[in-house]
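Chain by chain, the residues run as shown.
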Amino acid sequence: MASRTFIIKVPATSANIGPGFDVVGLSLSLQLTLTVAHPAPSDRPYTPPVLSYTGEGADEVPLDAYKNLTTRVALYLLRCHDIRSFPSGLDIHVDNEIPFGRGLGSSGAAVIAGVLLGNELGGLKLPQARLLDFALMVERHPDNVTAALVGGFVGSYLRELDDAATEAASVPLSEVLPEFPPDAGEDWGLNPPVPPLGIGHFVRFGWSESIKAVAIIPRFELSTAKAREVLPLLYSRKDLVFNLQRLAVLTTALGQSPPDPDLIYEAMKDRVHQPYRKALIPGLPEVTSSITPTTHPGLLGICLSGAGPTILALATHGFEAIAEDARAIFKKTGVEIDWKLLTVAGGSVVRYVL
Ligand SMILES: Nc1ncnc2c1ncn2[C@@H]1O[C@H](COP(=O)(O)OP(=O)(O)O)[C@@H](O)[C@H]1O
Ligand SMILES: N[C@@H](CCOP(=O)(O)O)C(=O)O
């Protein structure tokens with residue numbers, strides 16, 4: 001086999017879009033890019049992967065392939081296919097535009113990049129549905145990873161698994177993704193848990209070309225795990241019906257041309273996650289309630305992006321006024337923001353350059 005160089009590109013995502021908690025995701029035009037040089041096999045001694053990293057998160061991301069999320073996921077895929085280590089002499093450069101811990105799917109993108117990396121390194125040729133199964137063993141909510149893999153505005157659900165498959169899918173993450181290489185001659189311990197078949201299923205909704213996304217990004221990180229801890233385990237029927245009614249309307253309304261601001265603004269309201277997360281994001285209720293289609297022509301709807309703290313405003317025009325007024329509201333609570341005008345992106349791609 002000759003040496004090869006390939007590029008993996010994975011988009012950022014915004015999950016939930018208001019009422020679709022753990023269900024809907026939207027791929028956005030910020031990219032995680034891996035450039036992978038895979039040398040031809042040789043008789044030289046084994047060398048572990050060399051990782052380099054530029055862009056968002058460069059000062060905090062581990063460059064050890066056994067600690068980095070993307071390469072650990074790739075190794076998980078390889079091990080599930082009886083390939084026990086990375087190929088020798090691998091060189092991986094990562095360039096990342098997706099800020100960490102802001103609700104723009106950085107971890108989902110890293111997981112999808114890992115799944116695609118493992119698939120290429122092992123020559124596994126797994127179909128998209130199987131790649132999604134592996135991603136769902138690591139990131140347990142399907143909204144980000146599905147949108148990052150397939151692209152667009154997507155809704156997904158997890159199949160109800162039988163008892164054996166539930167057990168296989170409930171293995172602790174530390175077991176799926178062990179951090180350290182075994183000592184020479186030692187095994188990893190248990191075989192890695194192979195995902196049950198067909199865990200995740202999705203459908204792509206229509207998306208009106210005129211709709212753009214203003215990402216209002218506070219300058220602080222909020223881990224998704226922390227923002228999930230504040231959510232209740234049980235909800236009232238009233239709140240559940242409130243969200244279901246809006247989600248059913250929203251998934252079609254965002255595909256209509258021209259989009260209807262009155263319909264969409266109300267349809268992007270939520271009672272399942274945002275009310276509980278406001279304590280973690282000073283300014284959230286003020287921004288979502290005071291920026292409306294009446295005060296800001298062009299605005300369609302506004303919500304928390306994923307687990308936050310980013311706020312996502314969907315709009316056809318008037319982007320700067322929306323972002324600058326959100327900036328002023330956040331500033332009163334002592335929070336500085338950056339903002340970006342984003343479009344809806346395609347899904348992940350793998351391209352060979354040599
Ligand atoms: N490109 C990447 N490579 C390695 N790890 C990453 C990458 N992107 C994100 N991560 C990991 O995921 C964490 C953020 O995940 P999370 O709390 O779910 O927030 P987000 O909303 O950005 O997905 C980071 O702190 C980092 O540990
Ligand atoms: N549905 C999840 C989505 C988390 O998205 P992220 O981009 O913040 O990781 C949630 O709301 O917890």
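As the structure is a prediction and not an experimental result, all values here were calculated from the model.

## Focus: the sheet that holds strand β10 (residues 337–342)
On the basis of which strands lie adjacent, the open sheet formed by four strands has the order β8-β9-β7-β10 and antiparallel pairing. Where the open sheet ends on each side, the last strands, each with one partner, are β8 (299–304) and β10. Put simply, the sheet's adjacent strands are angled 20 degrees from each other on average, direction ignored. Relative to strand β9 (residues 311–315), strand β7 (residues 212–218) runs antiparallel, the two sharing five bridges. Following the sheet pairing, Val 214 is matched in β9 by Ala 313. Each of β7, β8, β9 and β10 touches helix α12 (residues 319–332); the most contacted strand, β7, lies at about 20 degrees to it.

## Overview of the packing of helix α2 (residues 106–121) against helix α3 (residues 128–138)
Here α2 crosses α3 at 130 degrees, and the two axes come no closer than 9 Å. Relative to α3, α2 is oriented oblique. In the packing of α2 onto α3, the handedness of the crossing is right-handed. For the pair formed by α2 and α3, the contact residues are Val 111, Ile 112, Val 115 and Asn 119 on the first element and Leu 131, Phe 134, Ala 135 and Val 138 on the second.

## Points about the UniProt feature "domain: GHMP kinase N-terminal" (unreviewed entry) in the protein
UniProt's entry tags residues 68–152 with the feature "domain: GHMP kinase N-terminal" (unreviewed entry), counted in the numbering of this structure. From the first C-alpha to the last, residues 68–152 spans 27 Å; its make-up is 56% helix and 7% strand.

So, how was this worked out
- Residues numbered from 1 in each chain as written.
- Chains lettered and ligands numbered in written order.
- Predicted model: local features only at pLDDT ≥ 70, side-chain atom pairs only at ≥ 80, totals over all residues.
- Pairing = 2+ DSSP bridges.
- Helix = DSSP H or I, 4+ residues; strand = E, 2+ residues; numbered from the N terminus.
- Axes fitted to C-alpha atoms, helices over the stretch in contact; angles between N-to-C directions.
- Contact = placed C-beta atoms within 7 Å.
- Parallel < 35°, antiparallel > 145°, perpendicular 65-115°, else oblique.
- Left-handed = near helix turned anticlockwise from the far one by under 90°.
- UniProt positions renumbered as here; feature names shortened; annotations may be inferred.

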